[in-house]
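One-letter residues, chain by chain:
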Amino acid sequence: MRYNYFQFDTEDQSKKSYILPGAKPHYTPDRPGNVQHIFLDLVLDIPNQSFHGTSTITLKPVQSGLTHLTLDAQDLNINNVQVNQVSQPFHYDGEKLQIQLLKPTTLDAIDIAIDYQVHQPQRGLYFIQPDEYYPNKPTQVWTQGEEEDARYWFPCFDYPGQLATSEIRVEVPKPYWAVSNGELVTTEQKQDTIVYHWRQNQVHPTYLMTLAVGEFSKLEDQCNGIPVEYYVEKGREDDAKRTMGKTPRMIEFFSQQFGHPYPYPKYAQVSVADFIFGGMENTSTTLLTDRCLLDERAMLDQRRPEGLVAHELAHQWFGDLLVIRHWSHAWIKEGMACYSETLWTEQEYGKDDAAYAILNDARTYLSEDSSRYRRPIVTNIYRKPIEIYDCHLYEKGACIYHMIRGELGDEGFSQAIQNFVQKNAHHTVETVDLLRAIEEATGRNLAPLFDQYVFSGGHPDFKINYSWDSQNQLVQLTVTQTQAKTDKDVTENELFELTIPVGFGYVSEQNEVCFEHVSLHLNQKEQTFYFPLPQKPQFISFDQGNYHLKTVTLDYPTPELKTQLQFDPDVISRIYAAEAFGKKGGLEAINALSYALQNDPFWGVRAEAAKQLGKVKLQQAVSELIQGLEDHDTRVRRAALEALGNFKTEDSYQAVKQIAQQGDASYYTEGTAMRVLGKMATGNFKQKESEVIELFREGLEHRAGWNEVVRGGIISGLSEMKTSETALATILPYTYLGVSQPLRLAAIRALGPVSTGQEQAQLETILEQLDTLSGETFFLTQVSVVNALKQMRTSEAVSMLQTLSQQSPDARVRRMAEEAVKTVQEKLGSDQAVKELRDELDSLKQQNQELMSRLAKLESQQDDND
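Residues numbered from 1 in each chain as written. Predicted model: local features only at pLDDT ≥ 70, side-chain atom pairs only at ≥ 80, totals over all residues. Heavy atoms only, no water.

A. Just the overall build of the protein, in detail. Assigned secondary structure in the protein consists of 24 helices and 31 strands. Scaling as 2.2 N^0.38, a compact globule of 866 residues should have a C-alpha radius of gyration of about 29 Å, and the protein matches this with 30 Å. In terms of overall dimensions, the protein has a C-alpha envelope of 115 × 75 × 60 Å along the principal axes. Going through the 866 residues of the protein one by one, you find that 57% of them count as buried. Expressed as a percentage of contacts within the protein between residues at least 6 apart in sequence, the contacts between residues at least 24 apart total 70%. As presented, the protein carries roughly 36000 Å² of accessible surface, and 46% of it is formed by carbon and sulfur atoms. (Helix = DSSP H or I, 4+ residues; strand = E, 2+ residues; numbered from the N terminus. Rg over C-alpha atoms; globule rule 2.2 N^0.38 Å. Buried < 20%, exposed > 50% of the residue type's maximum accessible area, 1.4 Å probe, protein only. Contact = heavy atoms within 4.5 Å. Areas by Shrake-Rupley, 256 points an atom, 1.4 Å probe, with all protein chains shown as cover.)

Listed below in structure tokens is the structure:
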């Protein structure tokens, strides 16, 4: 098969390049030996945000005669280095620790003991404490190692290819808990401190070693005798049960799915404050953001935190039991963790919900592919490994596993995945190992599929045209791969070669559906197929099962689309029909979509019907969408609200306003009503602005709640009022320190869109505040600042983004800022082009006026002569 790490589809100039300046190929480093064990013996000084201790690494050299060793050690203070209890000379430059061995190594294992200390670390290990702005914040310490941040809290060989057992002994002040990997060996009570000793007996990489310290409340459960533990801030025990209570059932489910029992002596989930990810799958001890904890009302919208719990748990097999050999193959673990959310959804909520989940994963990837960049999933070209942790890695990776399932069938998929896990448990893997496991278990060689979707960027964009030849009883089906430019310009990697199943559907008088099945072998830009059938099909289902990652445009007659929207048993095919109606428009589309909104048994189709009604842009859709606000499912009500925002009528305005005023059982629905109401109070409805702002002010004062979803919606609504100085003045105070973190981040992001219609004085105020905020080091604050600046149209925003791209300690922020610079520059260039066109038009008008004046003067002179 083709392993071309350097193939990027950058010939398409409409897409931005994934490769940024400074990106280069990365490879697994040379291995001086096999790390057998890592033992950290640490003492935490929490009030002073520092710690000291010893990192002891047991290394078995690959060959004898080594005279020096180089370890990763970032921003540490190295006091002493010993090998087998003998001090060694060393050189440390702040990034690499080079040890000059007094005696060359033999093949016997050596113990490398490094005494070090760290004061106020910026990465790797994080101290969370209350301060003058947030006096109620808990005191906690937690670590984050992925991708290469373990080196910031202990010296090590910091790459995923080295697997070792580990041990952490840590002394912390009373009354704090210290939670780490593996089993708790001992605790030792001292006068003012407690020493916790944890040991992990199964091998794992350095980035999965963890430590979490805090005054936690511990809840205990079990699964088949394995302890299942939840650690949360005191007072949030009920939230923990609501959020993580399904974990034992998930453990049992994934053990069956992956064909391997849960591999560790316990499974702990620790909820921590200010976490910089949603969750982190440290071996046997997952860390989760405390923002995922659900209160009672938030249970209506519980799917997202439940998916996070499933995602991180699945990593205990894919990522921890099976460890990627190199970051370029991270899709193996992240794609499966994402797909495991879908597998759990199917188990818990049914096939329709699972199908809709994978469709939305595909949409997330497709959005990045169309608006950000396109890249192969497997690539070793980057500046920092974290750059590849994107929607290609996660959501497209999940879609790849779904395609594998479609190719192999459910039984074959289970056999292949279980073979992959069982064969590679406690070892490192790369993509070729997955391909081999599939072939061993099923006899199928999926290299062609991987070549197209994994080792190359992109996906097929299909347009399907259908017609019926009644005279000859023939179906004509034309399939076009529109991603290929023209026949003359088509290159091999632009076209996909796939076999796609198609069903010609018939509906009986009893509303029972049956199909005539065919398969299409697609390998050209445009192909036309003819199929003789006993009677005209009532609808056509392209890619039955919808396992392939693709986009689809259906060019079918209205009767066939209407029947498909109503009767196709596949919810995704019904959604494609709804999208086709949204593009067709007209009253027939409104009637068909309205019927789906009111009658489809699956909430996702009803939500999509509401979405498409919002695109038809005929006022007859408004009354149907208002009826959609009565749907029992909160997600359908949200979709109806979003769609109503596209219609500025008194009826639509009053319907949205009513929910904004009275609230909704769902936080998210209420927050959506607020945001949509702000969007509506603009343009020809600007006279509504003052009453909406008054409602928003009341809401900001009284509607605090879970994760600030409602008040965040209010802030987003204010940001839609781009020409309102009052809206800006209302947003600004919520960007200050002391405001709850979720609301503050929403307000910072809102400064971007609201800036685009402000006068110069207000624009300068926004820029001044963003400049101040850009100096804060918290990751989520910096991300929000970048998002705000990205939406602005001023050269000052470019300057701030350039500073962030150069100075931020986080590689994710640096990349986002660098991409945002290009976005703002493009906007400025576009604005300049428009200005030049206007200037040219003004000049032409002036010349025309002068010509008209001269002509009038000549005509006047002619009249005088006459």
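B. Local environment of the pattern of salt bridges. Under the definition given, this model contains 58 salt bridges. For Arg 444, the salt bridge identified is with Glu 407, shortest N-O distance 2.9 Å. Pair noted here: Arg 444 is in the loop between helix 7 (431–442) and helix 8 (447–453) and Glu 407 is in helix 6 (residues 392–424), with a separation of 37 residues, a long-range link. Shared partners join several salt bridges into a network, and the residues in it are Glu 368, Arg 372, Arg 383, Glu 387, Arg 815, Glu 818 and Glu 819. (Salt bridge = Lys/Arg side-chain N within 4 Å of Asp/Glu carboxyl O.)

C. Spotlight on the packing of helix 9 (residues 558–567) against helix 10 (residues 571–584). Contact pair helix 9 / helix 10: the axes reach a minimum separation of 8 Å and the direction vectors enclose 140°. In terms of axis orientation, helix 9 runs oblique to helix 10. The handedness of the crossing between helix 9 and helix 10 comes out as left-handed. Seen from helix 9, the contacting residues are Thr 558, Leu 561, Lys 562, Gln 564 and Leu 565; seen from helix 10, they are Ser 573, Arg 574, Ala 577, Ala 578, Ala 580, Phe 581 and Lys 584. (Axes fitted to C-alpha atoms, helices over the stretch in contact; angles between N-to-C directions. Parallel < 35°, antiparallel > 145°, perpendicular 65-115°, else oblique. Left-handed = near helix turned anticlockwise from the far one by under 90°.)

D. Layout of the sheet that holds strand 3 (residues 50–61). Taken together, eight strands build an open sheet; the order of strands is 6-5-9-3-2-12-15-14 and the sheet is mixed. In this open sheet, the two edge strands, each paired with only one partner strand, are strand 6 (86–87) and strand 14 (183–189). Pairing of strand 5 (residues 77–83) with strand 6, which is carried by two bridges, proceeds in the antiparallel orientation. Each bridged residue has a counterpart across the sheet, and for Val 83 the counterpart in strand 6 is Val 86. (Pairing = 2+ DSSP bridges.)

E. Structural detail: the side chain of Ser 724. Within the secondary structure layout, Ser 724 lies in the loop between helix 18 (709–719) and helix 19 (725–731). Assessed through its relative accessible area of 2%, Ser 724 is described here as buried.

F. Molecular detail of helix 2 (residues 247–258). With 12 residues, helix 2 extends 16 Å from end C-alpha to end C-alpha; this agrees with the ideal 16 Å at 1.5 Å per step. Looking at helix 2, one finds that the buried residues are Thr 247, Pro 248, Met 250, Ile 251, Phe 253, Phe 254, Ser 255 and Phe 258. Positive phi appears at Gly 259, one or two residues downstream of helix 2, with a value of about 70°. (Expected span 1.5 Å × (residues − 1).)

G. Geometry of the packing of helix 14 (residues 634–644) against helix 16 (residues 667–680). One way to put it is that helix 14 packs onto helix 16 with a least axis distance of 9 Å and a crossing angle of 0°. Comparing their axes, helix 16 and helix 14 come out roughly parallel. On helix 16, the residues touching Thr 634, Arg 637, Arg 638, Leu 641, Glu 642 and Leu 644 of helix 14 are Tyr 668, Thr 669, Thr 672, Ala 673, Arg 675, Val 676 and Met 680. Considering only residue class, the contact of helix 14 with helix 16 consists of six nonpolar, three polar and four charged. (Nonpolar A, V, L, I, M, F, W, Y, C, P; charged D, E, K, R; others polar.)

H. Region of the structure containing the sheet that holds strand 21 (residues 285–289). Within the open sheet, the five strands sit side by side as 17-18-19-21-20. Their pairing is mixed. Both outer strands of the open sheet, strand 17 (216–223) and strand 20 (279–280), are each paired with one neighbouring strand and no more. Pairing analysis gives five bridges linking strand 19 (residues 267–272) to strand 21, with the strands arranged parallel. Note that in strand 21 the partner of Ser 271 across the bridge is Leu 288.

I. Molecular detail of the packing of aromatic side chains. Taken as a whole and assessed by the stated rule, the structure comprises 35 aromatic pairs. Relative to Trp 142, the ring of Tyr 126 lies with its centre 4.5 Å away and its plane at 25°, an arrangement referred to as stacked. Of this pair, Tyr 126 sits in strand 10 (residues 125–128) while Trp 142 sits in strand 11 (residues 140–143); the two residues are 16 residues apart in sequence, bridging distant segments of the chain. Comparing Tyr 126 with Trp 142 shows no difference in burial state: the two are buried. Above the plane of the ring of Tyr 667 lies Arg 297, whose end atom (NZ or CZ) is 4.1 Å from the centre. Against the face of Trp 603 rests Arg 635, its NZ or CZ located 3.6 Å from the ring centre. (Phe/Tyr/Trp six-rings, centres within 6.5 Å; stacked < 30°, edge-to-face > 60°. Lys NZ or Arg CZ within 6 Å of the ring centre and 35° of its normal.)

J. Focus on the pairing of strand 5. Where strand 5 lies against strand 9 (residues 110–119), six bridges are found, and the strand directions are antiparallel. The residue bridging Ile 78 from the neighbouring strand is Tyr 116, located in strand 9. In textbook terms, the turn of a hairpin is the stretch between consecutive antiparallel strands, and for strand 5 and strand 6 this stretch comprises two residues, one of which, Asn 84, has a positive phi near 50°.

K. Structural context of the confidence of the model for the protein. When pLDDT is averaged along the protein, the result is 94; 93% of the residues meet or exceed 70. Predicted confidence is poor over residues 1–13, with pLDDT under 50, and the contacts of this stretch with residues over four places away or in other chains come to 37 contacts. (pLDDT = per-residue confidence, 0-100.)

L. Here's a closer look at the nonpolar core. By size, the foremost hydrophobic cluster in this structure holds 257 residues, and its most contacted members are Trp 331, Tyr 401, Phe 450, Phe 542 and Leu 770. Those residues in contact with Tyr 401, other than ones at most four positions away along the chain, are Phe 318, Trp 331, Ile 332, Gly 335, Met 336, Tyr 339, Phe 413, Ile 417 and Leu 434. Within the second largest apolar cluster, six residues are counted, among which are Leu 294, Ala 298, Trp 706 and Val 709. (Core = buried A, V, L, I, M, F, W, Y, C linked by side-chain atoms within 4.5 Å.)

M. Summary view of the pairing of strand 12 (residues 164–173). Within strand 12, eight of the 10 residues are buried, leaving the element largely enclosed by the surrounding structure. Here strand 12 runs beside strand 15 (residues 193–204); their pairing, made up of nine bridges, is antiparallel. Directly across from Pro 173, in strand 15, lies its bridge partner Thr 193.

N. How the structure looks around the state of the cysteines. Enumeration over the complete set of coordinates arrives at zero disulfides. Distance from the sulfur of Cys 223, which forms no disulfide, to the nearest cysteine sulfur (Cys 292) is 20 Å. (Disulfide = S-S within 2.5 Å.)

O. The arrangement of a negative patch on the surface in detail. A cluster of like negative charges, contributed by Glu 764, Glu 768, Asp 771 and Glu 796, occupies part of the molecular surface. The dominant element in the negative patch, judged by the number of residues it contributes, is helix 21 (residues 760–773), at three residues. Inspection of the secondary structure assignment puts Glu 768 in helix 21. Judged by relative accessible area, which is 56%, Glu 768 ranks as exposed. (Patch = residues over 30% accessible without salt bridge, like charges linked within 9 Å, V, L, I, M, F, W, Y side chains within 5 Å. Lys, Arg positive; Asp, Glu negative; His and termini not counted. Charge placed at Lys NZ, Arg CZ, Asp CG, Glu CD.)

P. Structural view of unusual backbone geometry. Of the consecutive residues Glu 146 and Glu 147, the connecting peptide bond is found in the cis state with omega at 5°. With respect to the helices and strands, the residue Glu 147 is situated in the loop between strand 11 and strand 12. For the peptide bond that leads from Lys 174 to Pro 175, omega is 10°, which places it in the cis range. Mapped onto the fold, Pro 175 is located in the loop between strand 12 and strand 13 (177–180). Even without a glycine there, the phi angle at Gln 120 is positive, about 50°.

Q. Looking closely at the environment of Ala 640. Its location among the elements puts Ala 640 in helix 14. Separated by 16 residues in sequence, Ala 640 and Glu 624 place their C-alpha atoms 9.1 Å apart. Those residues in contact with Ala 640, other than ones at most four positions away along the chain, are Ala 610, Leu 625, Gly 628 and Leu 629.

R. Layout of the side chain of Gln 481. Checked against the element boundaries, Gln 481 lands in strand 26 (residues 474–481). Taking the relative accessible area as the measure of exposure, Gln 481 reaches 1% and is therefore buried. A polar contact is formed between the side chain of Gln 481 and the backbone oxygen of Phe 496, at a distance of 2.9 Å. (Polar contact = N/O pair within 3.5 Å; in protein donor to acceptor, adjacent residues only side chain to side chain.)

S. Examining the environment of Glu 296 more closely. Along the chain, Glu 296 falls in the loop between strand 21 and helix 3 (303–314). In this structure Glu 296 comes out as exposed when scored by relative accessible area, which is 64%. When the C-alpha positions of Glu 296 and Arg 242 are compared, they lie 7.9 Å apart, and in sequence the two are 54 residues distant.

T. Representation of the environment of Lys 137 within the structure. Of note, Lys 137 is situated in the loop between strand 10 and strand 11. Considered as a pair, Lys 137 and Asp 45 are 92 residues apart in the sequence and their alpha carbons are 18 Å apart. Lys 137 has contacts with Ile 128, Gln 129, Pro 130 and Asp 274, leaving out every residue within four places of it along the chain. Side-chain polar atoms of Lys 137 contact the side chain of Asp 274, separated by 2.7 Å.

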